[in-house]
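# Observations on chain architecture
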Amino acid sequence: RMERLLYQKVVLSDEITASRFLSAMRLRSPNRSEGAVQSLCVEGDVLPSTAADILSLCRSTHNLALWITPSDLAGKSNPLLRPLHVLPLKSLSLSISHIFNHTPLISLPTIPVFSTLTHLEILNDWVMWSSTVGLEHLQQLTHLCLRLHTKRTKPALVMSLFRNLSLRVLVFCASEDFKTVQSFLECTGLIDPCIVLANYALVDLNDFRNGDITSLWQKAEQITQQRRAIKQGKFESNFTAPFRQSLIHRAHNDTSLSLPHSFSAAPHSC
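From a predicted model like this one, the values you see are computed outputs, not experimental measurements. (Residues numbered from 1 in each chain as written. Predicted model: local features only at pLDDT ≥ 70, side-chain atom pairs only at ≥ 80, totals over all residues. Heavy atoms only, no water.)

Here the focus is the overall build of the chain. A count of helices and strands for the chain gives ten helices and eight strands. When the 270 residues of the chain are sorted by exposure, 49% land in the buried category. Excluding contacts between residues fewer than 6 apart, the proportion of contacts in the chain whose partners are at least 24 apart in sequence is 72%. (Helix = DSSP H or I, 4+ residues; strand = E, 2+ residues; numbered from the N terminus. Buried < 20%, exposed > 50% of the residue type's maximum accessible area, 1.4 Å probe, protein only. Contact = heavy atoms within 4.5 Å.)

Below, the structure written as structure tokens:
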């Protein structure tokens, strides 16, 4: 039982640590290795080949943060794809560049690992600049976290995400100040109770290292639940609820956004 608790959440921060962990896992019986790790974070300079070998041994992992540095595989097949396909993942945080390796046309629905996910965080800044990368077709997704840039993010692409009626939480991480981001969302009609703003500085490695891989989703879920339970009000915390609940509504029986006819917040220039 102690061993199960020890391996339940594992953080591998560099290639040396990851290689030692891999060696230790190989000494265990296959059955004990496969079911030991439930949540796994691989980061830093861990090689894709090392990460792939670890994933192939941790076959019961359902929460995965793949935060390794970009690596040019020089035309070789990506070793991460095969072990990722067989994992029973429900939550995944990663840079999709590791999966597609400079492929010009990216479509997440074509990759089997994304078909089982309910929670997805994409670290690439460029997602939603010129393509949705197929996110609107991942109908099982309930929680999604993306990076937002007011000068580059395309509102029409964000709107298309709401075709997925299963989507309950959409977190935008932004490095710009809150007022700039809020003004952008309001001016472009992106006002929905499931949208939550988070600052880059608040979404870092600390939560995972403290043993809580799901804290991002828990905080965002709390805000959206408050909005749905209370007809009016703003909620201020580390995560910020950007809109008044009385002015946002998404029809549950429609795939489009229901936008308010007027907005009574402090005036601003669009």
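A word on the packing of aromatic side chains. Per the stated rule, a full pass over the model turns up zero aromatic pairs. One residue, Arg152, lies across the ring of Trp129, its end atom 3.8 Å from the ring centre. (Phe/Tyr/Trp six-rings, centres within 6.5 Å; stacked < 30°, edge-to-face > 60°. Lys NZ or Arg CZ within 6 Å of the ring centre and 35° of its normal.)

Below, the discussion takes up unusual backbone geometry. Although it is not a glycine, Met128 adopts a positive phi angle of roughly 80 degrees. Inspection of the secondary structure puts Met128 in the loop between strand S5 (119-122) and strand S6 (143-147). For Met128, a relative accessible area of 0% corresponds to the buried category. Although it is not a glycine, Val133 adopts a positive phi angle of roughly 50 degrees. Relative to the helices and strands, Val133 resides in the loop between S5 and S6.

Within the secondary structure, Asn164 sits in the loop between helix H7 (155-161) and strand S7 (169-174). On the basis of relative accessibility, which here comes to 2%, the residue Asn164 falls in the buried class. One polar contact links the side chain of Asn164 to the main-chain carbonyl oxygen of Leu138, over a distance of 3.3 Å. (Polar contact = N/O pair within 3.5 Å; in protein donor to acceptor, adjacent residues only side chain to side chain.)

Its location among the elements puts Thr188 in the loop between helix H8 (178-187) and strand S8 (195-199). Judged by relative accessible area, Thr188 falls into the partly exposed class, the value being 25%. When the C-alpha atoms of Thr188 and Met159 are compared, they prove to be 9.8 Å apart, with 29 residues separating the residues in sequence. Beyond its immediate sequence surroundings of up to four residues, Thr188 is in contact with Pro155 and Met159.

Quick look at the sheet that holds strand S2 (residues 39-44) now. Reading across the sheet, the eight strands line up as S1-S2-S3-S4-S5-S6-S7-S8 and stay open at both edges, with parallel pairing between neighbours. Two strands lie at the open edges of the sheet, namely strand S1 (9-12) and S8, each paired on one side alone. Averaged over neighbouring strand pairs, the angle between their axes works out to 10 degrees when direction is ignored. As judged from the five bridges shared by S6 and S7, these two strands associate in the parallel manner. Across the sheet, the residue bridging to Leu144 is Leu170, located in S7. Running over the sheet, helix H4 (residues 48-57) touches S1, S2 and strand S3 (63-68) and is turned about 170 degrees from S2. Helix-sheet contacts for H8 involve S7 and S8, and the interaxial angle to S8 is about 155 degrees. (Pairing = 2+ DSSP bridges. Axes fitted to C-alpha atoms, helices over the stretch in contact; angles between N-to-C directions.)

What follows is about the pairing of S6. Side-chain positions along a regular strand alternate between the two faces of the sheet. Where burial is concerned, most of S6 is hidden: five out of the five residues are buried. Alternating residues of S6 divide into His143, Cys145 and Arg147 and Leu144 and Leu146, and every residue in both groups is buried. Following the backbone out of S6, through H7 and into the adjacent parallel S7, one traces a crossover that is right-handed. (Right-handed = clockwise from strand over helix to strand, strands pointing away.)

Taken over all residues, the pLDDT of the chain has a mean of 76, while the share at 70 or more is 70%. Note that pLDDT drops below 50 for residues 231-269; the model gives that stretch 87 contacts with residues more than four away or on any other chain. (pLDDT = per-residue confidence, 0-100.)

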